[in-house]
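What follows is the residue order along each chain.
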Amino acid sequence: MIFAAGGHSLDLTHPIVMGVLNVTPDSFSDGGLWLEPEAAIEHARAMVADGASIVDVGGESTRPGAEDVPEQEELRRVLPVIEALAADPGVPVSIDTRKPAVARRALEAGAVIVNDTSGEESTPAMSDVIAGSNAGAVLMHSRGTPATMRTLNHYEDVATDVGTFLAGWARDLGAAGVARERIVLDPGFGFAKSPQQNLELLDRLDEIVALGYPVLAGTSRKSFIGAVLDLPEDDRVEGTAATVAWAVARGAKILRVHDVRQMVRVVKMVDAIASRAQP
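The rules behind each value
- Residues numbered from 1 in each chain as written.
- Predicted model: local features only at pLDDT ≥ 70, side-chain atom pairs only at ≥ 80, totals over all residues.
- Heavy atoms only, no water.
- Helix = DSSP H or I, 4+ residues; strand = E, 2+ residues; numbered from the N terminus.
- Rg over C-alpha atoms; globule rule 2.2 N^0.38 Å.
- Buried < 20%, exposed > 50% of the residue type's maximum accessible area, 1.4 Å probe, protein only.
- Contact = heavy atoms within 4.5 Å.
- Areas by Shrake-Rupley, 256 points an atom, 1.4 Å probe, with all protein chains shown as cover.
- Lys, Arg positive; Asp, Glu negative; His and termini not counted.
- Charge placed at Lys NZ, Arg CZ, Asp CG, Glu CD.
- Pairing = 2+ DSSP bridges.
- Axes fitted to C-alpha atoms, helices over the stretch in contact; angles between N-to-C directions.
- Left-handed = near helix turned anticlockwise from the far one by under 90°.
- Nonpolar A, V, L, I, M, F, W, Y, C, P; charged D, E, K, R; others polar.
- Polar contact = N/O pair within 3.5 Å; in protein donor to acceptor, adjacent residues only side chain to side chain.
- Parallel < 35°, antiparallel > 145°, perpendicular 65-115°, else oblique.
- Phe/Tyr/Trp six-rings, centres within 6.5 Å; stacked < 30°, edge-to-face > 60°.
- Lys NZ or Arg CZ within 6 Å of the ring centre and 35° of its normal.
- Salt bridge = Lys/Arg side-chain N within 4 Å of Asp/Glu carboxyl O.

Colleague: I'm lost on the overall build of the protein in this one. Help?
Modeller: Within the protein, the secondary structure is distributed over 10 helices and 10 strands. Relative to the 2.2 N^0.38 estimate, which gives 19 Å for 279 residues, the radius of gyration of the protein is 17 Å and therefore close to what a compact globule would have. When the 279 residues of the protein are sorted by exposure, 54% land in the buried category. Sequence separation of at least 24 residues holds for 69% of the intrachain contacts in the protein that already meet a minimum separation of 6. Of the roughly 11700 Å² that the protein leaves accessible, carbon and sulfur atoms contribute 52%. Distance between charge centres in the protein, computed from 25 positive and 39 negative side chains, equals 3 Å.

Structure representation (structure tokens):
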């Protein structure tokens, strides 16, 4: 299985890790740590050294309750970082955004993946940006906005409803000319879902995998882990490791994480067990 992203062709025979780089003051786990471009670039390079295959750059927090960030401010935060990282061609850069204009400018700056976090609110303008490029696309399920998503977690069946939406979104992008190998599905853990719904969706992740696209799982440090373990965001490494291991065993191909070094090891170990690989 290949994920085509710009000039990169990512081999997903074995699962890979995407490192989270939030250049924001208010992200739920690491807000403010990497707000300055120099610090963000240094952290990105450290994640690559620790084994990240993709660096996902975001300039607007999408945590529940977060306020919207003006387009120009989001661009001010992400463009210097993307430009610097794209100048080093070894690792693909992804732009994590809900805004088509930000996605377009990020691709022009050197990003090769659009991580569209707008979910059910995604617009034809974002589809046009993706279809008009050769970028890869991560389609993440969500509902509403960060300000409203907590109230929008009513589903007939969470895994079925999320899978049906993602499959339809992928078909629409395909009809717009986006090749299948450029599309990854993300069920959107933590977005418009209760803790129990997140656990059920993780347990049934193989149903999303069965849709036939590579699946990204972004469980890192999420609130449902905190709900189970009663731990703050910066003390959820073990809980994250459990969810990452489960996701790999269920067929996830890209794991979006904050703690790259530790989760690369978890991914490699579970993949070795699953594939009966020899050490």
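We are not done yet, so read on.
Colleague: Explanation requested: the sheet that holds strand 9 (residues 216-217) in the structure shown.
Modeller: Adjacent strands of a sheet pair through backbone hydrogen bonds, lying either parallel or antiparallel. The strand order 8-7-6-5-4-3-10-9 describes an open sheet built from eight strands, whose pairing is parallel. Looking at strand neighbours, the two that pair on one side only are strand 8 (183-186) and strand 9, the edges of this open sheet. Pairing geometry for strand 4 (residues 54-58) and strand 5 (residues 93-97), over four bridges, is parallel. Following the sheet pairing, Gly58 is matched in strand 5 by Asp96.

Colleague: Got a minute to help me understand the packing of helix 9 (residues 237-249) against helix 10 (residues 260-275) in this structure?
Modeller: Between two packed helices, what matters for the description is the angle formed by their axes and the separation of those axes. Orientation of helix 9 relative to helix 10, taken along the N-to-C sense of each, is 35 degrees, at an axis distance of 9 Å. For the pair helix 9 and helix 10, the crossing hand works out as right-handed. Residues Val237, Thr240, Ala241, Val244, Ala245, Val248 and Ala249 of helix 9 lie in contact with helix 10, whose contacting residues are Gln262, Met263, Val266, Val267, Val270 and Asp271. Its residues assigned to classes, the contact of helix 9 with helix 10 shows 10 nonpolar, two polar and one charged.

Colleague: Quick question: what am I supposed to make of helix 3 (residues 100-109) here?
Modeller: Along an α-helix, residues three or four positions apart point the same way, because every turn accommodates 3.6 residues. For helix 3, the set of buried residues is Ala101, Val102, Ala103, Ala106, Leu107 and Ala109. On its buried side, helix 3 packs onto helix 2 (71-86), strand 5, strand 6 (113-116) and helix 4 (124-131). Backbone geometry just downstream of helix 3 places Gly110 in the positive-phi region, at approximately 125 degrees.

Colleague: I would appreciate a short explanation of the side chain of Glu74 in the present structure.
Modeller: Here Glu74 is to be found in helix 2. We classify Glu74 as buried; its relative accessible area is 0%. A distance of 2.7 Å separates a polar atom in the side chain of Glu74 from a polar atom in the side chain of Thr97. Those residues in contact with Glu74, other than ones at most four positions away along the chain, are Gly59, Glu60, Val69, Asp96, Thr97, Lys99 and Val102.

Colleague: Quick question: what am I supposed to make of the environment of Ala242 here?
Modeller: Structurally, the position occupied by Ala242 is in helix 9. For the pair Ala242 and Ser9, spaced 233 residues apart in sequence, the C-alpha to C-alpha distance is 29 Å.

Colleague: I keep staring at the packing of helix 1 (residues 37-49) against helix 2 and nothing clicks. Help me out?
Modeller: At a minimum axis distance of 9 Å, the contact between helix 1 and helix 2 shows a crossing angle of 40 degrees. What the angle tells us is that helix 1 and helix 2 run oblique. As for how helix 1 packs across helix 2, the hand of that crossing is right-handed. Contacts between helix 1 and helix 2 pair Pro37, Ala40, Ile41, Ala44 and Arg45 from the former with Pro80, Val81, Ala84 and Leu85 from the latter.

Colleague: How should I be thinking about the packing of aromatic side chains in this particular structure?
Modeller: Geometrically, a pair of aromatic rings is defined through the distance of the ring centres and the angle of the planes. In this structure the tally under the stated criterion is two aromatic pairs. With a centroid separation of 5.4 Å and an interplanar angle of 50 degrees, the aromatic rings of Phe165 and Trp169 are classed as tilted. Of the two residues, Phe165 and Trp169 both sit in helix 5 (residues 158-175), four residues apart, roughly one turn of that helix. Look at Phe165 and you get partly exposed, because its relative accessible area is 22%. Between Arg180 and the ring centre of Tyr213, over which it is positioned, the NZ or CZ distance is 4.0 Å.

Colleague: Help me understand the pattern of salt bridges, please; the structure alone is not making it clear to me.
Modeller: If charged atoms from side chains of opposite charge come close, those side chains can pair. Tallied over the entire structure, the rule returns 16 salt bridges. We note a salt bridge from Arg256 to Asp56, for which the minimum N-O separation is 2.8 Å. Note that Arg256 is positioned in strand 10 (residues 254-257) and Asp56 in strand 4, a separation of 200 residues in sequence. Looking at Arg256, the relative accessible area reads 14%, which means it is buried. Across the pair Arg98 and Asp68 runs a salt bridge whose closest N-O atoms are separated by 3.0 Å. Residue Arg98 is found in the loop between strand 5 and helix 3, and its partner Asp68 is found in the loop between strand 4 and helix 2; the two are separated by 30 residues along the sequence. Residues joined by salt bridges that share partners form a network here, namely Glu60, Asp68, Glu74, Arg98 and Lys99.

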